[in-house]
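Here is what each chain is made of, one letter per residue.
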Amino acid sequence: MLKTLALRSTLLAAACSMALCMPVMADTPRPVDIPAGELTSALQRLAEQSGAEFMYSADRLKGVHTNGVQGEYTAEQAVMKLLEGTNLKLIVGESGALLIADKAGPTAANEPDDTTGATGLEEIVVTATKRKERLRDLAGAASATTGVQLTAIGAQSNADYLGRLPGVVFNEGTSGQSSVTIRGVGTTAGVDQGQGPTGYFINEVPLSEPSYASGIPDIDTFDIDRVEVLRGPQGTLFGSSSLGGAVNYIVKTADPAQFDAATETTLRSIDHSGGDLSYTARAMFNLPLIADKLAMRIVGSTRNDAGYVDNVGTGVEGSNDTEVNGVRASVVFSPSEMTTLSLLSLYQENQLEDFQTVQSTFGPYHRSTRFPVPSEYTIELHSLRLDQDVSFANLTVLASTHDKDHILDSDVSLSNAVRNFVPNGVLSREDFTTTMRTIEARLSSKDGGALKWVFGAMYSDTESEVATLSIAPGGADALAARYNPALLQGDLFNRSYSFRNGYEKALFGEASLTFAQDWTLTLGGRLFDTRYALRLERYGIQAPNGPVFIPEREALGDGFVPKISLAYRPNSDHTIYALASKGFRFGNPNTVADLPGFDTPTSWDSDELWNYELGSHSLLMGGLLQIDASVFYIDWKDIQVRLVRPDNLTYGTNAGTARSRGVELAAAVRPIDPLTFTTNITYLDSELTETVAIASPPLLDGTQLPGASEWQIANTLTYNFDTVLEPSVILSHRYLSDAPETLQQPNVRVAGYNQFDVRTNFDLGRFDLGLFVTNLTDRRAVTFGYGISATGTGRNEFITRPRTFGITLNWNFNQ
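Residues numbered from 1 in each chain as written. Predicted model: local features only at pLDDT ≥ 70, side-chain atom pairs only at ≥ 80, totals over all residues. Heavy atoms only, no water.

With that out of the way, let us pick up the packing of aromatic side chains. Under the criterion given, the structure shown has 16 aromatic pairs. Members of the aromatic cluster, connected to one another through ring pairs, are Phe259, Trp811 and Phe813. When the ring centre of Phe508 is taken as origin, the NZ or CZ atom of Lys130, which lies over that ring, is 5.5 Å away. Between the NZ or CZ atom of Arg780 and the centre of the ring of Tyr365, over which it lies, the distance is 6.0 Å. (Phe/Tyr/Trp six-rings, centres within 6.5 Å; stacked < 30°, edge-to-face > 60°. Lys NZ or Arg CZ within 6 Å of the ring centre and 35° of its normal.)

Below is the structure:
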């Protein structure tokens, strides 16, 4: 809770007076090992390890989180590390006493308050290089949205924040299947048939499988430390799938320093939902079991979004009700200052009562099917992490396993061949199950020194099974009268199964050398080896002569992806960099049978993509203005595309070239303490640079890439009132220009809209109250569609969520 300027001045004056009498601290560097956690506990540990004493307001530090510090430091240097990413600073008294105060306060124990009346912008620490590093020091383009920021804007799902970041287009689809396009790298605004171009991680655990995504996790925003979005290929350190960039969710882990608890309750009313209320309930408990050594953190959540699409075929209003339930648990054990073991487990399920698309033929918020077509997506994840100080370096070992299951129904009554003689239509059901196991071990240098490095090895193994079933509900007798009963299982008349497996093996490393004081050269690379294979089995009337078995086919890949950057840091507030990096992803085998007279490739390989960029991170006006800017050029060759054969079956191959070039700007300014304005602006020019003549129809040179909106703008204005209840008002605006839906139908456009949101927050002590309206003008826009649907019902379109009114109540034990 923010204090008034007068109260801060009083506290600082008293603290400074006391600090002048404190003994001088020793300035000899000592080994320091402080894990991430609450700042108060971290300072207590540092006092024990260094013998130094610190002055601070316990109330001001309550609830402030630190990313910890490891290495050899003086007490002053260690405190500076602990304060990175906070709105606090270190003041050294004339006697050497250490005082921790607001950045808006005095700059030395005997200096007056800052006359600007504005508090510096928050610093954020990220792990984009698999080391803790200030976002401002990163030689690359990245954005980080903190948990505090997510709470302030009332984010409920990834749709509420990802699309507001520079260079990022969020393609909202069905629950658990919404995708992200970064810097225009993608051949569809939906889900790729092969491995997607954007990687997804939770606390560095990879969540993207080698082929078609059985699910794209929407990690619950409650009790998240931050969400990092890394733009440009991240293959060197994060591996396959991060061809265009990566999204890394960093959730909070157990803190053995103190008990903590928090809850959040939200009620929402979504327009066009028939008056049904939506709700969210969340809770977190952090339980120290052994002081400073062992703790458990448990987070639970449930969210229900009332449906706003009416199914005129089934007669159900608001048929697309969505429910998301989840639980997350963390156990952290630090038997010594040198060792930390962290266990993270997650279970989340998304249930959708009816498919989320609309069919405009029947109205702007309507669709028509003979029966509801629900979907269900679940993910269960367990990871174990070891952080060990091995004297000369830090060792990290991270092992994980996760299971995904996605059941998706479709009404194909108007397109399936048996529709003319079965009584109730035809249902198609796809059941994806995936198990992925990963392990990574790496060594990283201690902080300090001119040379910083990280080297490691990883292995991942994935097994998947996809069952595709064709069902004629109530049609068993009609089927038996027409087909051999031996081919049928009641009203189930076709069954296809694909069994898939793959692995990725890699050695990776990155080293940074600082020279001439202000320059840093970084070289990195990843040596990889991938394999993905599948086999097929088909039963039913599609195999009238008996089961069809298609032998295993495989796609192999290996190579080396390099990275090089040069950064110039004249001081701690400025970084200017140049970067070149390469990405890769899995190839996949084709599953279609050979067609006589047509050369169907047995598989497709990884694309070849190079990213070149210049950028800068700057903190100006005494910390009141922050500007991050980058200009980039992407050269993309041998693109993974899906084409159509003469028999109308699709296949994958590598074909064509493309380029993507653009400018990204992220700026935040706090001209006066109550007012903060942020803007993210992206200009993107992405198109094919070669005609793919073998496609039908040909993919033409100059075609804009799908999901690559030319303009993307997001603005946020926040004003904090210094009065009773400390109200704040947040006004948000987002603009996304239109873009093609797919390469094959470049004239079918999606996006092209403005959206406005408004929110007011009130501080009620341990409670915070928020009132909000999203999509203030009730703008209806298509985010993705499936073109002319094979079901015969016209275009199936995903649309932006209608105008929503809501109220949120947060409670925090330590606030």
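Following the structure, the description resumes.
Here the focus is the packing of helix H2 (residues 39-50) against helix H4 (residues 75-82). Viewed as axis vectors pointing N to C, H2 and H4 meet at an angle of 165°, and their least axial separation amounts to 11 Å. One element, H2, and the other, H4, form an angle in the roughly antiparallel class. The handedness of the crossing between H2 and H4 comes out as right-handed. Taking contact as the criterion, the partners of Leu39, Ala42, Leu43, Leu46 and Ser50 in H2 are, on H4, Ala75, Ala78, Val79 and Leu82. The class makeup of the residues in the contact of H2 with H4 is 8 nonpolar, 1 polar and no charged. (Axes fitted to C-alpha atoms, helices over the stretch in contact; angles between N-to-C directions. Helix = DSSP H or I, 4+ residues; strand = E, 2+ residues; numbered from the N terminus. Parallel < 35°, antiparallel > 145°, perpendicular 65-115°, else oblique. Left-handed = near helix turned anticlockwise from the far one by under 90°. Contact = heavy atoms within 4.5 Å. Nonpolar A, V, L, I, M, F, W, Y, C, P; charged D, E, K, R; others polar.)

The next point concerns unusual backbone geometry. Backbone geometry follows two general trends: most residues other than glycine have a negative phi, and most peptide bonds adopt the trans configuration. Note that the residue after Ser696, namely Pro697, is joined by a cis bond; omega there is 0°. With respect to the helices, strands and loops of the structure, Pro697 is situated in the loop between strand S39 (675-688) and strand S40 (711-720). Notably, Lys130 is not glycine yet its phi reads approximately 60°, a positive angle. Structurally, Lys130 can be placed in the loop between strand S8 (125-126) and strand S9 (133-134). Taking the relative accessible area as the measure of exposure, Lys130 reaches 6% and is therefore buried. (Buried < 20%, exposed > 50% of the residue type's maximum accessible area, 1.4 Å probe, protein only.)

If you look at the biggest cluster of nonpolar residues, it comprises 28 residues, and the most contacted ones within it are Leu162, Ile202, Val227 and Tyr249. Elements represented by at least two residues in this core include exactly strand S11 (168-171), strand S12 (179-182), strand S13 (198-202), strand S15 (224-231), strand S16 (245-251), strand S22 (339-352) and strand S24 (375-389). Those residues within four positions of Leu162 in sequence are excluded, and the remaining contacts are Val168, Phe170, Val180, Val227, Val229, Val247 and Tyr249. (Core = buried A, V, L, I, M, F, W, Y, C linked by side-chain atoms within 4.5 Å.)

Moving on to the sheet that holds strand S10 (residues 141-146). An order of S10-S15-S16-S13-S14 is seen for the 5 strands of this open sheet, with the pairing classed as mixed. Single-partner strands in this sheet number two, and they are S10 and strand S14 (205-206). The pairing of S15 with S16 spans 7 bridges and is classified as antiparallel. The residue of S16 that forms the bridge with Arg226 is Ile250. (Pairing = 2+ DSSP bridges.)

Right, let's talk about the pairing of strand S37 (residues 650-654) for a bit. When strand S36 (residues 640-644) meets S37, the two strands line up antiparallel, connected through 5 bridges. Across the sheet, Arg642 pairs through a bridge with Gly652, a residue of S37. Counting the residues that bridge the hairpin from S36 to S37 gives 5 residues, and of these Asn648 lies at a positive phi of roughly 70°.

All right, on to the side chain of Lys582 then. Relative to the assigned elements, Lys582 resides in strand S31 (residues 574-583). Buried charged residue Lys582 carries no salt bridge. Nearest counter-charge: Glu608, at 4.6 Å. Setting aside anything within four residues of it in sequence, one finds Lys582 in contact with Pro233, Gly235, Phe560, Val561, Pro562, Glu608, Leu609 and Trp610. (Lys, Arg positive; Asp, Glu negative; His and termini not counted. Salt bridge = Lys/Arg side-chain N within 4 Å of Asp/Glu carboxyl O.)

Do not read the predicted coordinates in detail wherever pLDDT is low. Overall, the prediction assigns the chain a mean pLDDT of 87, with 91% of residues at 70 or greater. Per-residue pLDDT stays below 50 along residues 1-26; that stretch engages in 41 contacts with residues further than four places along the chain or on separate chains. Taken as a whole, residues 104-118 scores under 50 in pLDDT and shows 31 contacts with residues more than four places along the chain or in a different chain. (pLDDT = per-residue confidence, 0-100.)

What follows covers the environment of Glu463. Residue placement: Glu463 occurs in strand S27 (residues 451-471). On a C-alpha basis, the gap between Glu463 and Thr434 in space is 5.8 Å, while along the polypeptide they are 29 residues apart.

This part is about the pattern of salt bridges. As enumerated under the stated definition, the model contains 39 salt bridges in all. For Arg385, the salt bridge goes to Glu204, with nearest N and O atoms at 3.9 Å. On the criterion of sequence distance, the pair formed by Arg385 in strand S24 and Glu204 in the loop between S13 and S14 is long-range, its members being 181 residues apart. Look at Glu204 and you get buried, because its relative accessible area is 8%. If you follow the salt bridges from partner to partner, you end up with Lys130, Glu204, Arg385, Asp387, Glu440 and Arg442 in one network.

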